[in-house]
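Spelled out from the first residue to the last, the chains are:
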Amino acid sequence: MSAGDLKGVRFPGRYIQGPGALARPGSEVAAFGPRALVLLDDGVFNLFEGRVKAAFASCAEATILRFGGECTEIAIADTAQKAGRLEAAVIVGMGGGKALDTAKAAAIDAGLPMIVVPTIAASDAPCSALSVIYHADGTVSHDRFLPHNPDLVLVDTAIIAAAPARFLAAGNADALATWYESESCRRSGALNCLGLPGLPLAFAIAATCRDTILAHSLAAMAECIRGDAGPALERIVEANILMSGLGFESGGVAAAHAVYHGLAMLEDTHNALHGEKVAIGILTGLAMQNEDDEFKRVKAFMQSIGLPTRCADLGISELTDEKLWIVANRACKPGEIILNEPFPVTPEAVFAALQRLG
């Protein structure tokens, strides 16, 4: 078989999901060594510091470090250095996407295993071998591809259910993008995050992810609003975190996340969640493809669960042509993933699609 015939997929080492999973980190860490550095997101630090200490009390020694900023190269280096000084055997990231991405990259730099404990299901960051690196001002710098996925992803659905439903909806958008982007890559022959075409399994996962989102999101949102880790929420958490993570890495990415990169350039959007910006990216891609029926179907679904469907919904106070050109040009910069689409893409086409979403 020639190199051109190779295909591939990638996975985390282990994935455990269910209510009460937060009780497990201590025993899991003990399998790697006696000490862990836990990078705990500032947004949930006061809520979970005591529970994390209790989870490690009888099994391993944990030093808890508050993460309060962007996933920058400086934050990654600082975390890796602290893990070295502590002689930690493993780095545990707990919180939202930026905290998890920082922990993952720091574990690689420190030469340590990584455990990921998401407190929201707002993106597919937990399972991936990817860290999105930001500048200190919150704009996206670059994607850093890591040599392997987390050793363990531990998802406590009771915690996810207690988080605001807005995060779950944002994760739905990020997960829904998995299908549209991987299908674009399949049609164009673009490569996945391994630098290979995806195996058929990757596209099957992406399709199942889409179907799960469309079938169970409304019920899951209702369960989340009640704080209930019910059966629909379990299905959606699996789709948002596991299936989406496997699907995007192994199937490929395209327009939706390239438009996200562009939207992240606007200071107006910095209070919008990753998945909320990706939602606009999905609709932008469908508008460029002139997929009117699918555009209407997806827009109606997004509206039903409270996702943004207009650029103005992201907090852009004045939707000027200048701002739209910033987004369009960033989305189409040389080497961007939007070029994985199965048709020629230009900044002008992105600009016109974004105008439709004004």
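This text follows the structure it describes.
The notes below deal with the structure included here. (Residues numbered from 1 in each chain as written. Predicted model: local features only at pLDDT ≥ 70, side-chain atom pairs only at ≥ 80, totals over all residues. Heavy atoms only, no water.)

1. Some details on the overall build of the protein chain
So, step 1. The secondary structure content of the protein chain amounts to 13 helices and eight strands.
So, step 2. Here the protein chain has a C-alpha radius of gyration of 20 Å; the compact-globule value for 358 residues is 21 Å, and the two agree.
So, step 3. Projected onto its principal axes, the C-alpha positions of the protein chain cover 60 × 50 × 40 Å.
So, step 4. Residues classed as buried in the protein chain amount to 58% of the 358 residues present.
So, step 5. Restricting to contacts in the protein chain with at least 6 residues of sequence separation, those with at least 24 account for 78%.
So, step 6. Distance between charge centroids for the protein chain: 2 Å, based on 28 positive and 40 negative side chains. (Helix = DSSP H or I, 4+ residues; strand = E, 2+ residues; numbered from the N terminus. Rg over C-alpha atoms; globule rule 2.2 N^0.38 Å. Buried < 20%, exposed > 50% of the residue type's maximum accessible area, 1.4 Å probe, protein only. Contact = heavy atoms within 4.5 Å. Lys, Arg positive; Asp, Glu negative; His and termini not counted. Charge placed at Lys NZ, Arg CZ, Asp CG, Glu CD.)

2. Observations regarding helix α9 (residues 255-263)
So, step 1. Counting buried residues in α9 gives nine out of nine residues, a clear majority hidden from the surface.
So, step 2. Listed as buried for α9 are A255, A256, H257, A258, V259, Y260, H261, G262 and L263.
So, step 3. In this structure, the buried residues of α9 make contact with β6 (130-134), β7 (140-145), α6 (165-188), α10 (274-288), α12 (321-331) and α13 (347-356).

3. Quick word on the nonpolar core
So, step 1. L168, I282 and I338 are the most contacted members of the largest nonpolar core, which totals 100 residues.
So, step 2. In terms of residue count, the dominant contributor to this core is helix α8 (residues 231-251) (ten residues).
So, step 3. Beyond its immediate stretch of four places on either side in the chain, I338 contacts A254, A255, A258, M288, A331, C332, V345 and V350.
So, step 4. With 22 residues, the next largest nonpolar core counts A21, A36, M94 and L154 among its residues. (Core = buried A, V, L, I, M, F, W, Y, C linked by side-chain atoms within 4.5 Å.)

4. What about the sheet that holds strand β3 (residues 61-67)?
Strand-to-strand pairing in sheets goes through backbone hydrogen bonds, with the strands running parallel or antiparallel.
So, step 1. The six strands lie next to each other as β1-β8-β5-β4-β2-β3, forming an open sheet whose pairing is parallel. The sheet is open, and its two edges are formed by β1 (15-17) and β3, each paired on a single side. Going across the sheet, the axis of each strand differs from the next one's by a mean of 15°, ignoring polarity.
So, step 2. The pairing of strand β2 (residues 35-41) with strand β4 (residues 90-95) spans five bridges and is parallel. Note on β4: the bridge partner recorded for A36 is V90.
So, step 3. Strands in contact with helix α2 (residues 45-56) are β2, β3 and β4; relative to β3, the strand with the most contacts, it is inclined by about 165°. (Pairing = 2+ DSSP bridges. Axes fitted to C-alpha atoms, helices over the stretch in contact; angles between N-to-C directions.)

5. A look at the environment of V132
So, step 1. Structurally, V132 is set in strand β6.
So, step 2. Taking C-alpha positions, V132 is 29 Å from A30, a pair spaced 102 residues apart along the chain.
So, step 3. Apart from residues lying up to four places away in sequence, V132 is in contact with C71, D101, V140, H142 and D143.

6. What about the packing of α6 against α10?
So, step 1. In the contact formed by α6 and α10, the axes pass within 8 Å of each other and the chain directions differ by 35°. Between α6 and α10 lies a crossing whose hand is left-handed. Packed against α6, whose contacting residues are R166, A170, A173, D174, L176, A177 and Y180, the element α10 presents H274, G275, E276, V278, A279, I282 and L286 at the interface.
So, step 2. Taken together, the residues of the contact of α6 with α10 sort by class into nine nonpolar, two polar and three charged. (Left-handed = near helix turned anticlockwise from the far one by under 90°. Nonpolar A, V, L, I, M, F, W, Y, C, P; charged D, E, K, R; others polar.)

7. Describing the environment of A83
So, step 1. Positionally, A83 belongs in helix α3 (residues 73-86).
So, step 2. Residue classification places A83 among the buried positions, given a relative accessible area of 1%.
So, step 3. Considered as a pair, A83 and A107 are 24 residues apart in the sequence and their alpha carbons are 8.4 Å apart.
So, step 4. In this structure A83 touches L37, A88, I91 and L112, once residues within four positions along its chain are discounted.

8. A closer look at helix α7 (residues 200-226)
So, step 1. The end-to-end C-alpha distance of α7, which contains 27 residues, comes to 38 Å, matching closely the 39 Å that a straight helix rising 1.5 Å per residue would cover.
So, step 2. Where α7 bends most, the angle comes to about 55°, and this point is H216.
So, step 3. Count one or two residues on from α7 and you reach G227, which has phi positive near 75°. (Expected span 1.5 Å × (residues − 1). Bend = angle between axes of the 7 residues up to and from the residue.)

9. Focus: the pairing of β6
Within a regular strand, side chains alternate between the sheet's two faces.
So, step 1. Extensive coverage of β6 is indicated by the burial of five of its five residues.
So, step 2. The side-chain alternation of β6 yields two buried faces, one formed by L130, V132 and Y134 and the other by S131 and I133.
So, step 3. The hairpin formed by β6 and β7 contains five residues between the paired strands, and G138 there has a positive phi angle of roughly 95°.

10. Focus: a nonpolar patch on the surface
So, step 1. On the surface, a nonpolar cluster with roughly 250 Å² of combined accessible area is contributed by F11, L199 and L201.
So, step 2. Positionally, L201 belongs in helix α7.
So, step 3. Take L201: its relative accessible area is 44%, and that puts it in the partly exposed class. (Patch = residues over 30% accessible without salt bridge, like charges linked within 9 Å, V, L, I, M, F, W, Y side chains within 5 Å. Areas by Shrake-Rupley, 256 points an atom, 1.4 Å probe, with all protein chains shown as cover. Salt bridge = Lys/Arg side-chain N within 4 Å of Asp/Glu carboxyl O.)

11. Remarks on the environment of N271
So, step 1. The residue N271 is located in the loop between α9 and α10 in this model.
So, step 2. We classify N271 as exposed; its relative accessible area is 71%.
So, step 3. Residues N271 and G315 lie 44 residues apart in sequence; the distance between their C-alpha atoms is 7.7 Å.

12. Description of the packing of α9 against α12
So, step 1. Axis separation between α9 and α12 bottoms out at 7 Å; the angle between their running directions is 130°. Considered as vectors, α9 and α12 are oriented oblique to each other. Handedness of the crossing formed by α9 with α12: right-handed. Listed contacts from α12 to A258, V259, H261, G262 and L263 of α9 are V327, R330 and A331.
So, step 2. Of the residues assigned to the contact of α9 with α12, the class counts are five nonpolar, two polar and one charged. (Parallel < 35°, antiparallel > 145°, perpendicular 65-115°, else oblique.)

By themselves, these are just geometric observations and shouldn't be taken as functional.
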